[in-house]
Amino acid sequence: MNYARFLTAVSAARKPSPIRMLTELQQRSPPSLISLAGGAPNTNTFPFLSASIQVKSGQSFTFDETVMKRALQYSASNGIPELVSWMKNLQKNLHNPPTTSYSPENGQMDICVTTGSQEGLCKVLEMLVNPGDNVLLDAPTYSGTLAALQPLGCNIINVPSDQYGMIPVALKEILSQWDPSEVHKPGSTAPKILYTIPNGGNPTGASMTANRKKDIYELARQYDMLIIEDDPYYFLQFEKPWAPTFLSMDVDGRIIRTDSFSKILSSGLRIGFVTGPKPLVDRVVLHIQASTMHTSTFTQLMVSQLLHSWGQDGFLQHIDGVIEFYRKQRDAMIGSADKWLKDLAEWHTPSAGMFLWMKLNGIADTQQLIMEKALEKEVLLVPGGVFMINSSDPCPYVRAAFSQSTPEQIDEAFRRLSLLIKDAL
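Within any chain, residue numbers begin from 1 and follow the written order of that chain's sequence. Residues qualify for local features only when their pLDDT is at least 70, as the model is predicted, and side-chain atom pairs are given and counted only at 80 or more; totals for whole chains, interfaces and linings, by contrast, use all residues. Water and hydrogen atoms were dropped before computing side-chain values, which therefore reflect all heavy atoms in the structure.

J.: Sorry, what's going on with the side chain of S304 here?
T.: With respect to the helices and strands, S304 occurs in helix α10 (residues 297-340). Taking the relative accessible area as the measure of exposure, S304 reaches 3% and is therefore buried. When checking whether two residues touch, look at their non-hydrogen atoms; a contact exists if any pair is within 4.5 Å. Once residues within four sequence positions are removed from consideration, S304 is found in contact with I80, E82 and L83. Runs of H or I in DSSP of at least four residues are treated as helices and runs of E of at least two as strands, each being numbered from the N terminus. Burial status follows relative accessibility: with a 1.4 Å probe on protein chains alone, a residue under 20% of its type maximum counts as buried, one over 50% as exposed, and anything between as partly exposed.

Right, dumping it as structure tokens:
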């Protein structure tokens, strides 16, 4: 694939930071190397000496003085080596990407650590989206994606979707206005980027079927598009076997995937990772070099030690426990919705994620209802308009999260919501 054609002028102009390269070279060198090159501060001047971290299972990790000095120092922009290699093995075992064995220039699978998957997503979009570009996505979608995309001055084209995600027939219909044989011609306005959240979509809870993914991937091949597979809820799929990913069927090296540890290990540690063809991951790393420089070394070491102590089996066992918690929360919310909202709202039971997306019957727009009157009834949800491409358009939907409230609180919230809706009708 010709990856150069997808890059923005800004991304194409990025050059490796000589100082960052020297830092990474020094960290790979033997202790006998005497370096006068780096501008790293002397760790002996830092006030922190050691740390001990207790895990719920009873395990504990100690950062002694030596490890602590490393944890508090600059590190490689693509991530600390032991965490990158652990996650590469995880991706290979979970997804078995065809691109694993490719040469780097032909799109070999590569990974970099990012400060949450949001940083990865923003940097991927800034790498690929020019002002005036047509970009495909299925709205309603994550408000953070819209916040990152809209200032780039692109034209966002909404592809219709349902509870099973983006609809391939609708995508084909939209793409039919361009001739696949002309997408490489100068001045072509054919979309080069398709964005989707394939599992437990935020806000809809929609999860894409394997067949839909195959159909969409084939359309991406036909029109030479890249697919951004934004999958923070991959590990919150309630039914097994988990759906095959776009990455698992990527024979061309056209998938850029963002993953997150926020929903399963910690949202405050800010660790995510980007997986994709090496020429594009390299560009993301160049942007990291020029911005955040790297994700916190301390949090990377903390997570890396935990993952290495667990192994992949232990990690997946932990995931099973997280899934079980959210499944019970979802079931509690659906039970309360059935009890209080049966004739007042419509919804589909999500098979992944943290959210229930509801259409309130007889309410043209939920913005005023939620932002003004809901507070009077002491119940808060997110009005659906914030997830739409044009947030000012009337929207009858609301998003309810089942992640933090107890089943009793969820039940009481829906009782209050039912009174709110009845008062508004």
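Next, the rest of the story.
J.: Please clarify how the sheet that holds strand β3 (residues 109-114) should be interpreted in this entry.
T.: Two pairing modes exist for strands in a sheet, parallel and antiparallel, and in both the strands are linked by backbone hydrogen bonds. DSSP calls a pair of strands paired once it identifies at least 2 bridges connecting them. Read from one edge to the other, the open sheet built from 7 strands follows the order β3-β11-β10-β9-β8-β4-β5, with strand pairing classed as mixed. What marks the edges here is a single partner per strand, and that holds for β3 and β5 (155-158). Neighbour-to-neighbour, the strand axes of this sheet turn through a mean angle of 20°, independent of strand direction. Sheet topology places strand β9 (residues 226-230) next to strand β10 (residues 255-260); 4 bridges connect them, and they run parallel. Bridge pairing in β10 places I227 opposite I255. Along the sheet, helix α7 (residues 168-175) contacts β4 (134-137), β5 and β8 (193-196); its crossing angle with β4, the most-contacted strand, is approximately 170°. Every axis corresponds to a line fitted to the C-alpha atoms, with the helix fit spanning only the stretch in contact, and the corresponding angles, defined between N-to-C directions, vary from 0 to 180 degrees.

J.: I would appreciate a short explanation of the packing of aromatic side chains in the present structure.
T.: Here the distance between the centres and the angle between the planes together describe a pair of aromatic rings. A pair of Phe, Tyr and Trp rings is counted when the ring centres sit within 6.5 Å of each other, with Trp represented by its six-membered ring. The angle between the planes then sorts it: under 30 degrees is stacked, over 60 is edge-to-face, the rest tilted. Within the structure shown, the criterion is met by 12 aromatic pairs. Plain terms: the ring middles of Y233 and F355 are 5.9 Å apart, the flat faces sit at 80° to each other, and that makes the pair edge-to-face. Of the two residues, Y233 sits in the loop between β9 and β10 while F355 sits in strand β13 (residues 355-360), which places them 122 residues apart along the sequence. There is no split in this pair, since Y233 and F355 are both buried. Plain terms: the ring middles of F261 and F315 are 6.1 Å apart, the flat faces sit at 65° to each other, and that makes the pair edge-to-face. A residue pair is termed long-range when its members are at least 10 positions apart, and F261 in the loop between β10 and β11 (272-277) and F315 in helix α10 qualify at 54 residues. Each member of the pair F261 and F315 is classed as buried. A positively charged side chain is recorded as over a ring if its NZ (Lys) or CZ (Arg) lies within 6 Å of the ring centre. The angle to the ring normal must also be within 35 degrees. If you follow R5 out to its NZ or CZ, it ends over the ring of F6, 4.6 Å from the centre. Here the basic side chain of R257 rests over the ring of Y234, its NZ or CZ set 4.9 Å away from the ring centre.

J.: Before we go on, may I ask you to explain helix α12 (residues 407-424) in this structure?
T.: Each α-helix winds once per 3.6 residues, and so residues spaced three or four apart point in a common direction. A rise of 1.5 Å per residue sets the reference length of α12, with its 18 residues, at 26 Å; its end C-alpha atoms lie 26 Å apart and thus fit the reference within 8%. When α12 is considered as a whole, its buried residues turn out to be I410, D411, F414, L417, S418, L420 and I421. Check the buried side of α12 and you find it contacts α10, β13, α11 (366-376) and β15 (397-401). Expected span of a helix, by definition, is 1.5 Å for each gap between consecutive residues, and there is one gap fewer than residues.

J.: Even after reading the chapter, I still don't get the environment of Q150, so can you show me in this structure?
T.: Residue position: Q150 is located in the loop between α6 (143-149) and β5. In this structure Q150 comes out as partly exposed when scored by relative accessible area, which is 37%. Taking C-alpha positions, Q150 is 20 Å from V284, a pair spaced 134 residues apart along the chain. Discounting chain neighbours no more than four positions away, the residues touching Q150 are I156 and I389. Pairing of N or O atoms within 3.5 Å defines a polar contact, subject to two protein rules: one partner must be a possible hydrogen donor and the other a possible acceptor, and residues neighboring in sequence count only if both atoms are side-chain atoms. Only 2.8 Å separates the side chain of Q150 from the backbone oxygen of I389, close enough to count as a polar contact.

J.: Help me out: how do you make sense of the packing of α7 against helix α8 (residues 210-222) in this one?
T.: The description of two packed helices rests on the angle between their axes and on the distance between the axes. Across the interface, α7 lies against α8 with an axial gap of 9 Å and an inter-helix angle of 15°. Between α7 and α8, the interaxial angle falls into the category roughly parallel. With respect to the hand of their crossing, α7 and α8 are arranged in right-handed fashion. Between α7 and α8, the residues in contact are P168, L171, K172 and L175 and R212, D215, I216 and L219, respectively. Angular relationships are summarised with four words: roughly parallel below 35 degrees, roughly antiparallel beyond 145, roughly perpendicular across 65 to 115, and oblique for the angles in between. Here a crossing is taken to be left-handed if its near helix is turned anticlockwise relative to the far helix by less than a right angle, and right-handed if that turn runs clockwise.

J.: So what exactly am I meant to see when it comes to the nonpolar core here?
T.: Burial of nonpolar side chains together is a common tendency in soluble globular proteins. For our purposes a nonpolar core is just a set of buried Ala, Val, Leu, Ile, Met, Phe, Trp, Tyr and Cys residues, chained together by side-chain atoms within 4.5 Å. Core analysis: the largest hydrophobic core is formed by 88 residues, its most contacted members being L128, L149, F261, F315, L341, M358 and F414. F261 has contacts with M87, S266, I271, F273, V303, L307 and F315, leaving out every residue within four places of it along the chain. Core analysis: the second largest hydrophobic core is formed by 24 residues, M166, L194, A220 and Y223 among them.

J.: What should I look at first to understand the sheet that holds β15 in this one?
T.: Strand order in this open sheet of 4 strands is β12-β13-β15-β14, and the pairing throughout is antiparallel. Since the sheet does not close on itself, it has two edges, and those belong to β12 (345-347) and β14 (382-383), each with one partner. Here β14 runs beside β15; their pairing, made up of 2 bridges, is antiparallel. Paired with V382 across the bridge in β15 is R399.

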